[in-house]
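Structure at a glance
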Amino acid sequence: WASRSLFNLGGARENPESRFSTELFPSIWLLGMRTTFTALIATMLAPGFAFASCEVPTDHVEQRQCLERKVAQLAQEVQAAQELVRARIDAWDEEPYYKSKSLALFNEAASQFQAYQASQCEFEASVAAGGNGAGDMQLDCQINLYDTYFKYLQEQVTRFEAPHA
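Residues numbered from 1 in each chain as written. Predicted model: local features only at pLDDT ≥ 70, side-chain atom pairs only at ≥ 80, totals over all residues. Heavy atoms only, no water.

Quick word on the overall build of the protein chain
- In terms of helices and strands, the protein chain carries five helices and zero strands.
- The buried share of the protein chain, taken over its 165 residues, is 22%.
- Sequence separation of 24 or more characterises 51% of the internal contacts of the protein chain that already satisfy a separation of 6 or more.
- Summing over all exposed atoms, the protein chain offers an accessible surface of approximately 11,700 Å²; the carbon and sulfur share of this is 59%. (Helix = DSSP H or I, 4+ residues; strand = E, 2+ residues; numbered from the N terminus. Buried < 20%, exposed > 50% of the residue type's maximum accessible area, 1.4 Å probe, protein only. Contact = heavy atoms within 4.5 Å. Areas by Shrake-Rupley, 256 points an atom, 1.4 Å probe, with all protein chains shown as cover.)

Encoded structure:
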(Lines give C-alpha, C1' and ligand atoms only; values in the text may rest on other atoms or scores of the structure.)
Protein backbone atom coordinates (compact mmCIF):
# COMPACT_ATOMS: atom_id res chain seq x y z
CA TRP A 1 0.00 0.00 0.00
CA ALA A 2 2.72 2.46 0.93
CA SER A 3 4.79 1.50 -2.10
CA ARG A 4 2.14 2.50 -4.65
CA SER A 5 3.10 5.33 -6.91
CA LEU A 6 0.85 8.27 -7.56
CA PHE A 7 0.25 6.97 -11.07
CA ASN A 8 -0.88 3.50 -10.06
CA LEU A 9 -4.49 2.64 -10.89
CA GLY A 10 -6.71 1.01 -8.31
CA GLY A 11 -3.99 -0.81 -6.45
CA ALA A 12 -2.37 -2.54 -9.47
CA ARG A 13 0.98 -3.94 -8.45
CA GLU A 14 4.09 -2.04 -9.37
CA ASN A 15 5.54 -4.31 -12.00
CA PRO A 16 7.77 -2.91 -14.77
CA GLU A 17 6.68 -5.72 -17.09
CA SER A 18 2.99 -5.08 -16.48
CA ARG A 19 1.17 -4.10 -19.65
CA PHE A 20 -1.23 -2.04 -17.55
CA SER A 21 1.37 0.04 -15.79
CA THR A 22 0.36 3.67 -15.88
CA GLU A 23 3.97 4.59 -16.42
CA LEU A 24 3.73 2.86 -19.81
CA PHE A 25 0.22 4.16 -20.48
CA PRO A 26 -0.12 7.59 -18.81
CA SER A 27 -3.35 8.24 -20.74
CA ILE A 28 -5.04 5.57 -18.58
CA TRP A 29 -4.25 7.66 -15.51
CA LEU A 30 -5.57 10.80 -17.19
CA LEU A 31 -8.72 8.94 -18.22
CA GLY A 32 -9.10 7.85 -14.61
CA MET A 33 -8.75 11.46 -13.47
CA ARG A 34 -11.35 12.58 -16.03
CA THR A 35 -13.70 9.87 -14.83
CA THR A 36 -13.15 10.88 -11.22
CA PHE A 37 -13.69 14.54 -12.07
CA THR A 38 -16.88 13.71 -13.99
CA ALA A 39 -18.16 11.67 -11.07
CA LEU A 40 -17.39 14.55 -8.71
CA ILE A 41 -19.31 17.01 -10.89
CA ALA A 42 -22.25 14.60 -11.19
CA THR A 43 -22.28 14.24 -7.41
CA MET A 44 -22.28 17.99 -6.98
CA LEU A 45 -25.27 18.34 -9.27
CA ALA A 46 -27.21 15.55 -7.57
CA PRO A 47 -30.10 16.57 -5.30
CA GLY A 48 -28.99 17.18 -1.76
CA PHE A 49 -25.36 17.96 -2.57
CA ALA A 50 -25.87 21.59 -1.64
CA PHE A 51 -26.41 20.44 1.93
CA ALA A 52 -23.13 18.58 2.05
CA SER A 53 -21.39 21.95 2.27
CA CYS A 54 -23.27 22.60 5.54
CA GLU A 55 -20.71 20.34 7.18
CA VAL A 56 -17.69 22.29 5.92
CA PRO A 57 -18.85 25.79 4.99
CA THR A 58 -16.47 28.44 3.74
CA ASP A 59 -17.97 30.95 6.16
CA HIS A 60 -20.84 31.45 8.58
CA VAL A 61 -23.06 33.10 5.98
CA GLU A 62 -22.75 30.09 3.68
CA GLN A 63 -23.50 27.73 6.54
CA ARG A 64 -26.58 29.71 7.55
CA GLN A 65 -27.90 29.84 3.97
CA CYS A 66 -27.32 26.13 3.54
CA LEU A 67 -29.16 25.29 6.75
CA GLU A 68 -32.05 27.56 5.75
CA ARG A 69 -32.32 25.83 2.35
CA LYS A 70 -32.28 22.43 4.00
CA VAL A 71 -35.02 23.41 6.46
CA ALA A 72 -37.15 24.75 3.59
CA GLN A 73 -36.65 21.57 1.54
CA LEU A 74 -37.45 19.29 4.47
CA ALA A 75 -40.52 21.36 5.33
CA GLN A 76 -41.81 20.81 1.78
CA GLU A 77 -41.05 17.09 1.97
CA VAL A 78 -42.86 16.78 5.31
CA GLN A 79 -45.86 18.68 3.94
CA ALA A 80 -46.00 16.37 0.89
CA ALA A 81 -45.70 13.31 3.14
CA GLN A 82 -48.51 14.61 5.36
CA GLU A 83 -50.71 15.07 2.30
CA LEU A 84 -49.92 11.53 1.23
CA VAL A 85 -50.91 10.18 4.65
CA ARG A 86 -54.16 12.17 4.46
CA ALA A 87 -54.85 10.76 0.99
CA ARG A 88 -54.17 7.22 2.19
CA ILE A 89 -56.49 7.70 5.16
CA ASP A 90 -59.15 9.01 2.78
CA ALA A 91 -58.72 5.98 0.50
CA TRP A 92 -58.45 3.55 3.42
CA ASP A 93 -60.74 0.55 3.16
CA GLU A 94 -62.46 1.18 6.48
CA GLU A 95 -65.75 2.50 7.82
CA PRO A 96 -66.23 6.27 7.46
CA TYR A 97 -66.31 6.77 11.25
CA TYR A 98 -62.79 5.34 11.66
CA LYS A 99 -61.50 7.19 8.62
CA SER A 100 -62.74 10.55 9.87
CA LYS A 101 -61.51 9.87 13.40
CA SER A 102 -58.05 8.88 12.13
CA LEU A 103 -57.88 11.92 9.87
CA ALA A 104 -58.86 14.27 12.70
CA LEU A 105 -56.30 12.70 15.03
CA PHE A 106 -53.61 12.84 12.35
CA ASN A 107 -54.32 16.53 11.69
CA GLU A 108 -54.12 17.25 15.41
CA ALA A 109 -50.86 15.32 15.69
CA ALA A 110 -49.41 17.21 12.71
CA SER A 111 -50.36 20.50 14.33
CA GLN A 112 -48.84 19.41 17.63
CA PHE A 113 -45.64 18.38 15.85
CA GLN A 114 -45.28 21.93 14.51
CA ALA A 115 -45.83 23.37 17.99
CA TYR A 116 -43.39 20.91 19.56
CA GLN A 117 -40.76 21.62 16.92
CA ALA A 118 -41.03 25.38 17.44
CA SER A 119 -40.81 25.08 21.22
CA GLN A 120 -38.05 22.44 21.28
CA CYS A 121 -35.88 24.25 18.77
CA GLU A 122 -36.32 27.56 20.57
CA PHE A 123 -35.16 25.81 23.74
CA GLU A 124 -32.14 24.31 21.98
CA ALA A 125 -31.20 27.73 20.58
CA SER A 126 -31.39 29.22 24.08
CA VAL A 127 -28.35 27.15 25.03
CA ALA A 128 -26.28 29.59 22.95
CA ALA A 129 -27.17 32.24 25.55
CA GLY A 130 -27.78 34.89 22.91
CA GLY A 131 -24.64 34.06 20.94
CA ASN A 132 -24.50 34.15 17.16
CA GLY A 133 -24.76 30.35 16.99
CA ALA A 134 -28.34 30.38 18.31
CA GLY A 135 -29.89 30.66 14.85
CA ASP A 136 -27.78 27.81 13.51
CA MET A 137 -28.65 25.66 16.51
CA GLN A 138 -32.35 26.33 15.93
CA LEU A 139 -32.06 25.45 12.24
CA ASP A 140 -30.10 22.28 13.04
CA CYS A 141 -32.81 21.26 15.50
CA GLN A 142 -35.49 21.84 12.86
CA ILE A 143 -33.53 19.73 10.36
CA ASN A 144 -33.18 16.85 12.79
CA LEU A 145 -36.84 16.89 13.85
CA TYR A 146 -38.13 17.26 10.27
CA ASP A 147 -35.92 14.40 9.14
CA THR A 148 -37.11 12.10 11.94
CA TYR A 149 -40.76 13.07 11.42
CA PHE A 150 -40.48 12.58 7.66
CA LYS A 151 -39.22 9.03 8.16
CA TYR A 152 -42.09 8.36 10.54
CA LEU A 153 -44.60 9.69 8.01
CA GLN A 154 -43.17 7.34 5.39
CA GLU A 155 -43.96 4.46 7.74
CA GLN A 156 -47.45 5.84 8.39
CA VAL A 157 -48.33 5.68 4.70
CA THR A 158 -47.91 1.91 4.72
CA ARG A 159 -50.41 1.43 7.55
CA PHE A 160 -53.46 2.34 5.52
CA GLU A 161 -54.59 -0.22 3.01
CA ALA A 162 -56.13 0.99 -0.20
CA PRO A 163 -59.56 -0.41 -1.15
CA HIS A 164 -59.47 -3.92 -2.55
CA ALA A 165 -60.27 -4.22 -6.24
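A few points about a negative patch on the surface
- On the surface, Asp93, Glu94, Glu95 and Glu161 cluster together into a patch of negative charge.
- The exposure class assigned to Glu161 is partly exposed, which follows from its relative accessible area of 48%. (Patch = residues over 30% accessible without salt bridge, like charges linked within 9 Å, V, L, I, M, F, W, Y side chains within 5 Å. Salt bridge = Lys/Arg side-chain N within 4 Å of Asp/Glu carboxyl O. Lys, Arg positive; Asp, Glu negative; His and termini not counted. Charge placed at Lys NZ, Arg CZ, Asp CG, Glu CD.)

Describing the state of the cysteines
- Tallying each qualifying case throughout the model produces one disulfide.
- The disulfide partner of Cys121 is Cys141, and the S-S distance across this bridge is 2.2 Å. Linking Cys121 and Cys141, the disulfide has an S-S dihedral of approximately -80 degrees and is accordingly described as left-handed. Of this pair, Cys121 sits in helix 4 (residues 96-126) while Cys141 is found in helix 5 (residues 134-157), placing the two residues 20 residues apart along the sequence. Neither Cys121 nor Cys141 differs from the other in exposure class; each is buried. (Disulfide = S-S within 2.5 Å.)

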